[in-house]
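The primary structure of each chain is shown beneath.
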Amino acid sequence: MPYETNYDDKKRSGGRFLSFKWLPRLKWLPRLKRGPHPKLKPENIPPKQPIDFTPLRETRFVVMDLETTGLNIHKDQIIAIGAVVIENNEIQLAQLFERTLFRELNTVDDTVLVHGISPEQVANGEPADKVLAEFLQFSGQSVFLAYHSPFDQGMLSRALKRDLGLPLKHVFFDVADIAAALFPSINLGRSMQQAGLDDWVEHFGLNVSNRHNASADALATAEIMLILLREAEKQAIDTLAQLAEKIKGYKRLRVMKR
């Protein structure tokens, strides 16, 4: 733990005392000890959407993308959240979520060059607990969608635990898995496991600008999801349970082919 000596205190005490100027940096520790964020208790969190026979058309999907300080789920932090809503098989443009979170950045790595969020923007961001609480309220009872969702799920779960003292209960569907399950024979020039968001954007001929921005990436993912929902309808996949079973079948087949 870093510390600084204070010359005056040291002089008065004969050199035995240390300054504790670094203590304010640990101001988030008491929150971990007292549990959930005082303004957002577990009973006020929207219930998770069960994966049951709810029709896809009636499901509220929250398509999200995170920008982070790096790619290490156990170390890096969320610095921006972008999300759009799909309801009634339509992107609800009136329901957008876009926030930059305040973080104390010790270093700036190469990811800044990718997402383009400057340290100054992060320094002027909103408090993380406030943004995360608002995001949970915005999401409501929904299913989360993201491209390569295990990363977003891991980052969001850790942030909720650290900044709000709350568990992540929402169910995630990986749009990469849905696309591969519904279009298993499409040739993207690489394996389905290696295919990125850009591969599907190019395949479907979508016009996407400002990639690697959380909101733009969430919107691009939502546009792909609309195509997937239409394909699901053609394949008589009408409910969340049927879609989940389709994904499981694709994963089982993938394991068998190894």
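Residues numbered from 1 in each chain as written. Predicted model: local features only at pLDDT ≥ 70, side-chain atom pairs only at ≥ 80, totals over all residues. Heavy atoms only, no water.

Draft legend 1. Quick look at the pattern of salt bridges. A complete count under the given rule lists 12 salt bridges for this structure. The residue E126 makes a salt bridge to R99 at a minimum N-O spacing of 3.4 Å. Taken together, the positions of E126 in the loop between α4 (119-123) and α5 (128-139) and R99 in strand β3 (residues 90-100) put the pair 27 residues apart, joining distant regions of the chain. In this structure E126 comes out as partly exposed when scored by relative accessible area, which is 25%. Here D163 makes a salt bridge to R103, at a shortest N to O gap of 3.3 Å. Residue D163 is found in helix α6 (residues 149-164), and its partner R103 is found in the loop between β3 and α3 (111-115); the two are separated by 60 residues along the sequence. Judged by relative accessible area, D163 falls into the buried class, the value being 9%. A relative accessible area of 7% means that R103 is categorised as buried. A cluster of three or more residues bridged by salt bridges with shared partners is formed by R99, E126, K130 and E134. (Salt bridge = Lys/Arg side-chain N within 4 Å of Asp/Glu carboxyl O. Helix = DSSP H or I, 4+ residues; strand = E, 2+ residues; numbered from the N terminus. Buried < 20%, exposed > 50% of the residue type's maximum accessible area, 1.4 Å probe, protein only.)

Draft legend 2. Structural view of the pairing of β3. Relative to β3, strand β2 (residues 78-87) runs antiparallel, the two sharing eight bridges. Looking at β3, one finds that V85 is bridged to Q92. Between β2 and β3, which pair antiparallel and follow one another directly, the connecting turn spans two residues, one of which, N88, has a positive phi of 55 degrees. (Pairing = 2+ DSSP bridges.)

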